[in-house]
Structure formats: structure tokens, C-alpha cells
Amino acid sequence: MAQSMEHTDHRKRMRERFLSEGLDNFAEHEALELLLYYSIARKDVNPLAHQLVNRFGSLAAVFDASYNELLKVPGVGENTAVLIKLLTQLARKYHVSANSNFDIVNTIEDAARLLGPRFVGKNDEELWMLCLDGKGKVLGMRMLACGSMNLSTVNIRRLMEAALATECSCAVLAHNHPSGIAVPSTEDEDATNCFRSALQTVGVMLVDHLIFAKGENDYVSMKESGLLGG
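Residues numbered from 1 in each chain as written. Predicted model: local features only at pLDDT ≥ 70, side-chain atom pairs only at ≥ 80, totals over all residues. Heavy atoms only, no water.

Caption draft 1: A look at the packing of helix α2 (residues 28–36) against helix α3 (residues 46–56). At a minimum axis separation of 8 Å, α2 and α3 run at an interaxial angle of 125°. In this view, α2 runs oblique relative to α3, as classed from their interaxial angle. Crossing of α2 against α3: the hand is right-handed. In this structure, α2 uses Glu28, His29, Leu32, Glu33 and Leu36 to contact α3, whose residues at the interface are Asn46, Leu48, Ala49, His50, Leu52 and Val53. Residue classes in the contact of α2 with α3 are distributed as 6 nonpolar, 3 polar and 2 charged. (Axes fitted to C-alpha atoms, helices over the stretch in contact; angles between N-to-C directions. Helix = DSSP H or I, 4+ residues; strand = E, 2+ residues; numbered from the N terminus. Parallel < 35°, antiparallel > 145°, perpendicular 65-115°, else oblique. Left-handed = near helix turned anticlockwise from the far one by under 90°. Contact = heavy atoms within 4.5 Å. Nonpolar A, V, L, I, M, F, W, Y, C, P; charged D, E, K, R; others polar.)

The structure is reproduced here in C-alpha cells:
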């Protein structure tokens, strides 16, 4: 009973600390411990929080782990695994929602602000297309592919379908590098030039192709890097 009261008091202090100062001064395992309170009741979850961070290497890696990988950790049940996987997807939903009323793109930074949230917490490579009219008004945003960025008929077909469906005159492409390095590869350059040529056949100008790393603000502009082609 004394131990149970001790855990209850500890949880109360942790919650009060969070409400008072936020998470900035929490260690990674402490932030995770606070989250685990909501899937594991009446148990000291501090050791499990340490175990998860140590096993995967960082708090970010815990959230990036798959549902099945999480279930392999002793002490992690279905509710905990779902809660952990839910968090990054809720964060992505939040960022997408926060920028949902942003409907005019005047700069590459504006385009990145709209496209970047799509990649938050994503472990698979995705290709997105932002469709604009000649004045920068957003006409639509479409995911063209999930998986490898290698060229395929499906990618080109979806690219053309998105351009024709939205009747856009300009487009910005974006994809992510889940490895965390936003440096364009030779394959990225080849694909971009092919996409640019395809869009030109229907009168659409490819304004830029952005490559995002892990963070929504960590990206490289192929145009500004001189890699967009002539």
C-alpha cells in the first residue's frame, strides 16, 4: 500500500510539473513515462520508459518503432503500443490542420509550410504534389506514390491525373527521406526531370521539388540547389 501511494504521489508530481513548466526540461524517459501513465495504471512505469528509450536509442526512435516491434518489449501491451503509435499521427494531424487555411503560396517557404506536415512521423517514402493556379492559389494536394521514388508508370499517370483534375498551371512536388538526410540523390534528379517534362506536355510548370528529412522544417529545395533542370 505504501508503495502504491508512493507511485500515486510521484505521478501527481510529474503531472503538476508538466502543467507548470511543460516538457522542455523533462528528460526523454521522463516524457515517455508521463505518457505511459495513460495506458498503464497503478504501476511504476519509470523502468519501462528507460527500457524503451535504451532499446530503441532515443525518444524519437521509440515513436518511429512499428507496432509489432513495440509489442516485443516486455511490459508493452496492445494499449501502450497503440498509444505510442497514435501520438505521432496525432501530431501530423495537428500540423496539417494548423495550416489548412493557408491557401495562397507566394514563396517556397509557403509551399514547405503546407507540404512539410504531411511527412511528420512517416517511416515510408511518399511523393506529394501541390497544385496551384497562376496566382499561387492552392487548388489541391495529392499523394502520388508511397514507397520508392524510382520512376514508374503509376507515378507519371497519377502526376498527370492530379494536374488535369485540378486544372493547375503550376505545381510543387515534395517527398521525404525517412533516413533523415534531405540531400537529393541522382535518382531524385532523374525523376524530377522526368516529372517536369511530363507536366510541360499539359502546360503545367514545375516550380520546385522539395525533399524533407525528419523534421517538417528540414528540407532542401532542388530549385535553389540548381538541380531542377532547364
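Caption draft 2: Looking closely at the packing of aromatic side chains. Inspection of every chain in the model, using the stated rule, returns 2 aromatic pairs. With a centroid separation of 5.3 Å and 35° between ring planes, the pair formed by phenylalanine 119 and phenylalanine 212 is classed as tilted. Placement of the pair is phenylalanine 119 in the loop between α7 (108–115) and β1 (126–132) and phenylalanine 212 in strand β4 (residues 205–212), with a sequence separation of 93 residues. Summarising the burial analysis for this pair, phenylalanine 119 and phenylalanine 212 share the class buried. Relative to tyrosine 219, the ring of phenylalanine 212 lies with its centre 5.3 Å away and its plane at 40°, an arrangement referred to as tilted. An aromatic cluster is built from Phe119, Phe212 and Tyr219, whose rings are joined through pairwise contacts. One Lys or Arg, arginine 17, reaches over the ring of phenylalanine 26 and ends 4.0 Å from the middle of that ring. (Phe/Tyr/Trp six-rings, centres within 6.5 Å; stacked < 30°, edge-to-face > 60°. Buried < 20%, exposed > 50% of the residue type's maximum accessible area, 1.4 Å probe, protein only. Lys NZ or Arg CZ within 6 Å of the ring centre and 35° of its normal.)

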